[in-house]
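Structure assessment
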Amino acid sequence: MPSLVNRRRLTIEWGDCDAAGIVFYPRYFAYFDACTAALFQHALGMKQIAWAATHGVIGIPMVDTRAKFSTPCTFGDEVVVETQVTEFRRSSFDVTHRLLRADGALAVEGFETRVWAGRHPDDPARIRGVAIPPEVIAAFG
């Protein structure tokens with residue numbers, strides 16, 4: 001299992017909350033998407049536009065996602081999102097996010113499956129999963 005964990009601090013903003021004053025659930029998925037990008041930037045030492053060009057891919061689109069909500073977060077909360085790739089396969093990988101409140105309580109767990117994607121050689125309008133380079137996997141420890 002890869003060992004690299006990226007931690008990203010966030011402050012829950014007014015616009016993240018619903019009428020009940022808690023984080024509107026789709027916002028968690030936006031946090032997680034940004035945290036996956038931050039994890040890859042940390043591991044590979046460059047932003048997505050650079051590592052995608054370096055490795056000849058278009059990016060890492062999501063093919064499956066879900067979340068488990070344990071306790072709500074509200075406007076002004078300071079949280080930390082811990083993000084880690086938990087498994088690499090040939091062309092796909094799993095990411096887990098743990099959103100922790102300031103008191104250490106686990107508020108939300110997020111789960112993603114993503115694909116290392118490139119253009120289809122027969123039809124550049126289509127994409128397909130391509131093998132994740134060993135040096136990319138190695139960067140995650």
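Note that the structure is a prediction, hence the values are computed from the model and not measured. (Residues numbered from 1 in each chain as written. Predicted model: local features only at pLDDT ≥ 70, side-chain atom pairs only at ≥ 80, totals over all residues. Heavy atoms only, no water.)

1. Comments concerning the overall build of the protein
On a plain count of helices and strands, the protein comes out with three helices and seven strands. Moving toward the C terminus, one meets the helices and strands of the protein in the order β-α-α-β-β-β-β-β-β-α. Projected onto its principal axes, the C-alpha coordinates of the protein cover approximately 50 × 30 × 25 Å. The proportion of buried residues among the 141 residues of the protein is 41%. The contacts of the protein with a sequence gap of at least 6 include a subset with a gap of at least 24, amounting to 63%. Mean positive and mean negative side-chain charge positions of the protein (15 and 16 charges, respectively) differ by 4 Å. (Helix = DSSP H or I, 4+ residues; strand = E, 2+ residues; numbered from the N terminus. Buried < 20%, exposed > 50% of the residue type's maximum accessible area, 1.4 Å probe, protein only. Contact = heavy atoms within 4.5 Å. Lys, Arg positive; Asp, Glu negative; His and termini not counted. Charge placed at Lys NZ, Arg CZ, Asp CG, Glu CD.)

2. Considerations on the side chain of Ser91
The topology assignment puts Ser91 in the loop between β3 (78-88) and β4 (92-101). In contact with Ser91, other than residues within four places in its own chain, are Arg114, Val115, Trp116, Gly129, Val130, Ala131 and Ile132.

3. Focus: the sheet that holds strand β1 (residues 6-11)
Spatial ordering of the open sheet is given by β1-β3-β4-β5-β2, a layout of five strands whose pairing is antiparallel. The sheet terminates laterally at β1 and β2 (62-69), the two strands that pair on one side only. Taking each pair of neighbouring strands and ignoring which way they run, the sheet shows an average axis angle of 20°. As paired strands, β2 and strand β5 (residues 106-115) are joined by seven bridges and run antiparallel to one another. If you follow Ala67 over to β5, its bridge partner there is Gly110. Relative to the sheet, helix α1 (residues 25-44) contacts β1, β2, β3, β4 and β5, its axis offset from that of β5 by approximately 60°. (Pairing = 2+ DSSP bridges. Axes fitted to C-alpha atoms, helices over the stretch in contact; angles between N-to-C directions.)

4. Considering the side chain of Thr36
Mapped onto the elements, Thr36 comes out in helix α1. Residues in contact with Thr36, not counting those within four places in the same chain, are Ile60, Thr83, Val95, His97, Glu112 and Arg114.

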